[in-house]
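Next come the chains, spelled out residue by residue.
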Amino acid sequence: MPESPWYKQAIIYQINVISYFDGLGTGRGNLTGLTQKLDYLQSLGVDCIWLMPITKSPLRDGGYDVSDMFAINPDYGDLDDFAVLVKEAHNRGLRIMVEMIPNHTSDQHPWFQASHDPSHPEHEKYRDYYVWSVTDQKYRDARIIFLDFEKSNWTFDPLRGEYFWHRFYHHQPDLNYDNPEVQKAMMRVIQFWIDQGADAIRVDAPPYLIEREGTNCENLPETHAYYKRLRKFVEAYAPDTMLLAEANQWPEDTREYFGDGDEFHMNFHFPLMPRLFMALAKADRTPIEQILARTPELPENCQWGIFLRCHDELTLEMVTPEERQFMWDYYAPQPEMRINLGIRRRLAPLLDNDPRCIRLLHSILLSFIGSPVMYYGDEIGMGDNINLPDRDGLRTSMQWDDSPNGGFSKADASRLRLPVIDDPVFGYRKVNVAAAEADPGSLLNWLRNMIRIRKQHPVFGAGRLTMLAPANKQILAYLRDDGDARVLVVANLSAETQKIGVKELFGPTSRWSDLIDGTTFQTNQDIQLEPYGFHWLLPD
Ligand code: GLC
């Protein structure tokens, strides 16, 4: 087996810096605070830390509304603090992934300020940096993404007397990629962050760069052409840098983002995610089987990113309307749990805080196709707060211990941006890192062990995945195989004990042993699967 590129063996851990750790006593998380928590991340076993946007922003969309791509939001620190973070991370063998948001800026960005104001001294230079129109009737086949908040993809600007185009919030005007100056300017952004030491870039909302009449304005060839140029630049400038696309699309369309291995290195597998939850809810592996059958092979050196939860709603864009309704009814019974086409809840509350289900889904995350992406706080089973607006309820402060503010900040609670979760089930007094570290049976300690096991077996990162088809649909079974090593994963999606013969799964092999607890199974023996139980089996 040739050595695979680092991102194929990586476990990515996503952080909302403003909510992670306040090392300065300001009430907001910052880079200094994050740097102090690198030992914790190292002990968890993750490899790459994904920082949600840290650049200057009015924070009306969690920083995805950028007002300066070359400066750090002063609440988080400055470029020197970033350099320290990178150095300290690298000293521990951790990589840093930052965000590039190519599609849009904040309306506070100087480019937009110049573009929309004809009296601005730089108006001429920037007038075509955004997508302007005298009518709001263009590109009507493009869907509205933030359905709960926006009625149109056009907003009228009184200063310029024209409409501007935006696929997201009306305060996030889309950049105009038909303008070569914009293309060049965004290339400089990626160069800048590579220069600052970033090892990987998550490219936000990539499908929407270009608009063409008569199309849905997503995944257009011109958009792909731009990403290929970007990749070419990265390949020449810093070839070890990984580009991760956030293209929330069906597998066939997603496939295009890998090109011939000359576009993105990674892309999230969005359609898989809700189907993991669906299979669990229905105690039936069919949804996973169906989406895997639709998942194309990737060019060599490309990799899926798979995840359970993230900072956004659990998106139900890539499911059928019936499946969406099922997911809403099952996982979001209260209307406040829903947002746009999704569910704004964290992992533990979604799964009724059932440790068996939480571990089962993590065992799939860590053994299925692709590199796992974890969301901060899920490793200790943090809850959410559906009373907060937009997606803030899933972005609350990391709960470090049972001291005031959950140990997140020494500042007075009134200075915190979001209240710390403080309910009897998920509150910081009970759910926190210190308590989890002290408890050998905690989710955190279990995950550390699972991550360690995964990393001992490169087949999980780079091997093929073959679905097996036992007659009992409540059992999910797949084989990971890289030519050298084979691991058989069996999981019980139901709340009842199940039995299955190894022979039924995989023909005669002398003996299998469980990588997790060392149990061995003879070929003729039945494997017992506890409710929501699973095994990672290695042939002897
Ligand atoms: C991406 C981000 C999301 C943001 C949107 C608009 O989907 O994940 O948080 O709101 O882009 O920038």
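Computed from a predicted structure; not experimentally measured.

Take the overall build of the protein next. When its secondary structure is counted, the protein shows 17 helices and 24 strands. In terms of C-alpha radius of gyration, the protein reaches 23 Å, essentially the compact-globule figure of 24 Å for 540 residues. Oriented by its inertia axes, the alpha-carbon framework of the protein measures out at about 80 × 55 × 45 Å. Counting across all 540 residues of the protein, residues that qualify as buried make up 63%. Across the protein, the fraction of contacts at a sequence separation of at least 24, relative to all contacts at a separation of at least 6, is 67%. One finds the centroid of the 55 positive side-chain charges in the protein at a distance of 2 Å from the centroid of its 78 negative side-chain charges.

As a further point, take the site of the ligand. Near the ligand you find 13 residues, and of these Asp61, His104, Asp204, His311 and Asp312 are the closest. Glu246 has a polar side-chain atom sitting 2.9 Å from an oxygen atom of the ligand. Expressed as a share of its isolated accessible area of 310 Å², the protein-covered part of the ligand is 96%.

The domain boundaries assigned to the protein delineate domain 1 (6-102 + 180-454), domain 2 (110-165) and domain 3 (464-539). Measuring from the centre of the C-alpha atoms in domain 1 to the corresponding centre in domain 3 gives 30 Å. Summed over the three residues of domain 1 that lose the most area to domain 3, namely Arg285, Leu360 and Ser367, the buried surface amounts to 31% of that side. Linking domain 1 with domain 3 are 1 salt bridge. In this structure, the salt-bridge partner of Glu289 is Lys473, at a minimum N-O distance of 3.6 Å.

Moving on, we get to helix α9 (residues 272-282). Counting buried residues in α9 gives 10 out of 11 residues, a clear majority hidden from the surface. The set of residues buried in α9 consists of Leu272, Met273, Pro274, Arg275, Leu276, Phe277, Met278, Ala279, Leu280 and Ala281. Contacts from the buried residues of α9 go to α10 (286-293), β12 (303-307), β13 (314-315), α11 (321-331), α12 (347-350) and α13 (355-365). Backbone geometry just downstream of α9 places Ala283 in the positive-phi region, at approximately 50°.

Tallied over the entire structure, the rule returns 42 aromatic pairs. A centroid spacing of 4.7 Å and a plane angle of 75° characterise the contact between Tyr126 and Tyr129, whose relative ring orientation is edge-to-face. Comparing Tyr126 with Tyr129, the two get one shared label, buried. Seen from their ring centres, Phe326 and Tyr330 are 5.8 Å apart, and the 20° between their planes marks the pair as stacked. Separated by 4 residues within a single helix, Phe326 and Tyr330 lie in helix α11, roughly one turn from each other. Assessed through its relative accessible area of 24%, Phe326 is described here as partly exposed. A residue is classified by how much of its surface remains accessible, and Tyr330, at 45% relative accessible area, is partly exposed.

Running from amino to carboxyl end, α9 crosses α10 at an angle of 155°, the nearest separation of the two axes being 7 Å. Here α10 runs roughly antiparallel to α9, going by the angle between their axes. Packed against α9, whose contacting residues are Leu272, Arg275, Leu276, Met278 and Ala279, the element α10 presents Pro287, Ile288 and Ile291 at the interface. Tallied by class, residues from the contact of α9 with α10 come to 7 nonpolar, no polar and 1 charged.

Turning our attention to the nonpolar core. The tendency in soluble globular proteins is for nonpolar side chains to be buried as a group. In terms of nonpolar packing, the biggest core is built from 160 residues, with Tyr13, Leu41, Leu51, Phe82, Phe277 and Phe368 touching the most fellow members. In terms of residues, this core owes the most to one element, helix α6 (residues 180-195), which gives 9 residues. When neighbours within four sequence positions are excluded, Phe277 is seen to be in contact with Leu308, Arg309, Leu314, Met327, Tyr331, Leu347, Leu350, Leu351 and Leu361. In this structure, Leu479, Val490, Val502 and Leu537 belong to the second largest nonpolar core, which totals 14 residues.

Now for empty space enclosed by the protein. Inspection of the entire model under this criterion finds 7 cavities of 30 Å³ or more. As a volume, the largest cavity reaches approximately 330 Å³. Grouping the amino acids of the lining of the largest cavity by side-chain chemistry returns 9 nonpolar, 6 polar and 7 charged.

Attention now moves to the sheet that holds strand β1 (residues 12-15). Pairing in this closed barrel of 8 strands is parallel, and the strands run β1-β2-β5-β9-β10-β11-β12-β16 around the ring. For this sheet the average axis-to-axis angle between neighbouring strands, irrespective of direction, equals 25°. With 3 bridges joining them, β1 and strand β16 (residues 371-375) adopt parallel strand pairing. Residue pairing for β16: Gln14 is matched across the bridge by Tyr375.

Definitions and limits used
- Residues numbered from 1 in each chain as written.
- Predicted model: local features only at pLDDT ≥ 70, side-chain atom pairs only at ≥ 80, totals over all residues.
- Heavy atoms only, no water.
- Helix = DSSP H or I, 4+ residues; strand = E, 2+ residues; numbered from the N terminus.
- Rg over C-alpha atoms; globule rule 2.2 N^0.38 Å.
- Buried < 20%, exposed > 50% of the residue type's maximum accessible area, 1.4 Å probe, protein only.
- Contact = heavy atoms within 4.5 Å.
- Lys, Arg positive; Asp, Glu negative; His and termini not counted.
- Charge placed at Lys NZ, Arg CZ, Asp CG, Glu CD.
- Near = heavy atom within 4 Å.
- Polar contact = N/O pair within 3.5 Å; in protein donor to acceptor, adjacent residues only side chain to side chain.
- Areas by Shrake-Rupley, 256 points an atom, 1.4 Å probe, with all protein chains shown as cover.
- Domains from an automatic or database assignment.
- Buried area = accessible area lost by both parts, 1.4 Å probe.
- Salt bridge = Lys/Arg side-chain N within 4 Å of Asp/Glu carboxyl O.
- Phe/Tyr/Trp six-rings, centres within 6.5 Å; stacked < 30°, edge-to-face > 60°.
- Axes fitted to C-alpha atoms, helices over the stretch in contact; angles between N-to-C directions.
- Parallel < 35°, antiparallel > 145°, perpendicular 65-115°, else oblique.
- Nonpolar A, V, L, I, M, F, W, Y, C, P; charged D, E, K, R; others polar.
- Core = buried A, V, L, I, M, F, W, Y, C linked by side-chain atoms within 4.5 Å.
- 1 Å grid on protein atoms, 1.4 Å probe; cavity = no way out; pocket = protein on both sides within 12 Å on 5 of 7 lines; lining within 4 Å.
- Points joined across faces, edges and corners; volume = space filled by probe spheres on them.
- Pairing = 2+ DSSP bridges.

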